[in-house]
Amino acid sequence: MGIHHHNHPYMTIHDFNEHSHIGWDNSLKPIAEVESGQVVTYEITEASGGQFTKGSTAQDVANIDFTKVNPVAGPVYVKGAQPGDTLEVEFLDFKQLDWGWTALIPGFGLLAEDFKDPAIKIFDLKKRNTTEFLDGIDLFLKPFPGTVGVALPEAGDFSIVPPRKNGGNMDIRHLTKGAKLYLPVWVEGALFSIGDTHAAQGDGEVCGTAIEASMEATVRFKLHKGKTIAEPRYEIPGPPTPEADSRGYFVTTGHGEDLFKASQNAIRYMIEHLVSEYRMTEEEAYMLCSISVDLRISEIVNSPNRLVSAFLPKSIFR
C-alpha cells in the first residue's frame, strides 16, 4: 500500500504515483485519514510527473504531455473537518533534494509571446543552501510546495493549473520551513493534497516554472473548528528573504493600466539588464527572473496607471 501508520502521530506517504491525482475533484477517494495534530511526510515527484530526467533536452520539453503535469499527493481526509472550518498546514521540513529543472514551455509563462522555443536547464541540488545557475551566479535553495490545497465544494474535475479559493497552484515561495498556511474547508474531511515542490522561485514564477524538484515534504495538520475564511491566508516565522536582502537589489519597473502588461515590461527590462551586464542569453535571463526575481506591486491607486517593480538580488552574484 505504501502508507505506513504507526501508533504515534506520524505517517509517511510513499508510492507517489499510486497515491496522486491531477486536478481537484471532491469525489476522489481519500488515500489516508489523519487526525488534527498529525504529522505526515510525503514523497513528492516534481511537476513533470517523471517526464523529465537529469538528461532532458529542449526536445523533451517540446514533447511534454500536459495531462501528466503537476500531480499532487492525496487527497488526505482530515477527521472532523467540516465546511466552514479552517485547516492549518504547518510546513515542518523539506529534504532529499537531488536535482531540479527549469524550463521554457512554448505557449506558457508571462512572456510566452517573446519566447516561442522550448528550453530547459538542469540544476544540481545536492548542496544544502545554494545551487549554481551559471559560473559566478549562485541561487539560494528555499524549498516549498507550489501546489497545496483542499477539495472544492463544486462537483467535477477542476484544472490544477490556476490558483483558486481552495489554494491550489498558488506558487507562494514563502511557504518554506516554519510557515503556516490556513485553508478554508469546503467539503467534509477537507480532502487535502500537496505537490509541485520547488527548490527556489522568485515572486511571480514568471517563466511558468521554478526550480522544479522531487523531495520529501513534512507537514503538521491542525483543525480550527468554526473558524471560517473565504480564501487562503498564511504566516511566516521571520523576514521572508534575509539571504537575498543582504547586498541590496537592482530594480526595473513597468507601468500601465494593466498589472499583467506592466509586469511583462518590468521583466523585459530586467532581461535586457541581465543580458547586457552578465553575458547570458535572453533565455537564461528569463529563467533567472523566474527563479530569483521578485515582482512587487509598487503602486495601484494612481489611476489610470499601476506600477510594478522587479527586484533582482545582488547577493546571487559572486
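Further up the page is the structure itself.
Fair warning: this is a prediction, and the values are worked out from it, not measured in the lab.

Undergrad: Even after reading the chapter, I still don't get a nonpolar patch on the surface, so can you show me in this structure?
TA: Together, Ile297, Ile300 and Val301 give the surface a local cluster of nonpolar side chains, amounting to about 310 Å² of exposed area. For Ile297, the position within the fold is in strand β21 (residues 294-299).

Undergrad: Quick question: what am I supposed to make of the packing of helix α3 (residues 259-278) against helix α4 (residues 282-292) here?
TA: What describes two packed helices is the angle between their axes and the distance between those same axes. For the pair α3 and α4, the least separation of the axes is 9 Å and the interaxial angle reads 125°. Viewed along their axes, α3 and α4 adopt a mutual orientation that is oblique. Crossing handedness for the pair α3 and α4: right-handed. Here α3 contributes Ile267, Met270, Ile271, Leu274 and Val275 to the contact with α4, which in turn contributes Glu282, Ala285, Tyr286, Leu288 and Cys289. The residue makeup of the contact of α3 with α4, split by class, is nine nonpolar, no polar and one charged.

Undergrad: Even after reading the chapter, I still don't get the side chain of Ser56, so can you show me in this structure?
TA: Considering the arrangement of structural elements, one finds Ser56 in the loop between β5 (39-44) and α1 (58-62). By relative accessible area, which is 9% here, Ser56 ends up buried. A distance of 2.8 Å separates the side chain of Ser56 from the backbone nitrogen of Thr53, its partner in a polar contact. For Ser56, the residues in contact, after removing those within four places along its chain, are Gln51, Ile120 and Ile122.

Undergrad: Please clarify how α3 should be interpreted in this entry.
TA: The periodicity of an α-helix, 3.6 residues per turn, causes residues three or four places apart in sequence to face the same way. In this model α3 runs 28 Å from its N-terminal to its C-terminal C-alpha over 20 residues, within 8% of the 28 Å that 1.5 Å per residue would give. Taken together, the buried positions of α3 are Ala262, Ser263, Gln264, Ala266, Ile267, Met270, Ile271, His273 and Leu274. Between the side-chain oxygen at the start of α3 and the backbone nitrogen of Phe260 there is a gap of 2.7 Å, and the oxygen is on Asp258. At the C-terminal side of α3, Arg279 shows a positive phi close to 50°.

Undergrad: Explain the sheet that holds strand β20 (residues 249-256) here, please?
TA: Backbone-to-backbone hydrogen bonds join strands into a sheet, with any given pair of strands oriented parallel or antiparallel. Taken in spatial order, the three strands of this open sheet run β20-β22-β21, and their pairing is antiparallel. Among the strands making up the open sheet, the edge pair consists of β20 and β21. Between one strand and the next, the sheet's axes are offset by a mean angle of 25°, whatever the strand orientation. Where β20 and strand β22 (residues 306-313) come together, eight bridges link them in antiparallel fashion. Looking across to β22, one finds that His255 is bridged to Leu307.

Undergrad: Whenever I open this one, the nonpolar core confuses me. Can you help?
TA: Soluble globular proteins: nonpolar side chains tend toward being buried together. Ranked by internal contacts, the top residues of the largest apolar core, which has 71 residues, are Tyr42, Leu87, Phe91 and Phe192. Apart from residues lying up to four places away in sequence, Tyr42 is in contact with Ile13, Ala73, Val76, Phe192, Ile194, Met215, Glu216, Ala217, Val219 and Phe221. Grouped together as the second largest cluster of nonpolar side chains are 10 residues, Phe52, Val61, Val69 and Trp101 included.

Undergrad: Help me out: how do you make sense of the environment of Ala103 in this one?
TA: Structurally, Ala103 can be placed in strand β8 (residues 99-104). For Ala103, a relative accessible area of 0% puts it in the buried group. Spatially, the C-alpha atoms of Ala103 and Ser290 are 9.9 Å apart, while their sequence positions differ by 187 residues. Ignoring anything within four residues of it in the chain, the contact list for Ala103 reads Val61, Ala119, Ile120, Cys207, Thr209 and Met287.

Quick notes on the rules
- Residues numbered from 1 in each chain as written.
- Predicted model: local features only at pLDDT ≥ 70, side-chain atom pairs only at ≥ 80, totals over all residues.
- Heavy atoms only, no water.
- Patch = residues over 30% accessible without salt bridge, like charges linked within 9 Å, V, L, I, M, F, W, Y side chains within 5 Å.
- Areas by Shrake-Rupley, 256 points an atom, 1.4 Å probe, with all protein chains shown as cover.
- Salt bridge = Lys/Arg side-chain N within 4 Å of Asp/Glu carboxyl O.
- Helix = DSSP H or I, 4+ residues; strand = E, 2+ residues; numbered from the N terminus.
- Axes fitted to C-alpha atoms, helices over the stretch in contact; angles between N-to-C directions.
- Parallel < 35°, antiparallel > 145°, perpendicular 65-115°, else oblique.
- Left-handed = near helix turned anticlockwise from the far one by under 90°.
- Contact = heavy atoms within 4.5 Å.
- Nonpolar A, V, L, I, M, F, W, Y, C, P; charged D, E, K, R; others polar.
- Buried < 20%, exposed > 50% of the residue type's maximum accessible area, 1.4 Å probe, protein only.
- Polar contact = N/O pair within 3.5 Å; in protein donor to acceptor, adjacent residues only side chain to side chain.
- Expected span 1.5 Å × (residues − 1).
- Pairing = 2+ DSSP bridges.
- Core = buried A, V, L, I, M, F, W, Y, C linked by side-chain atoms within 4.5 Å.

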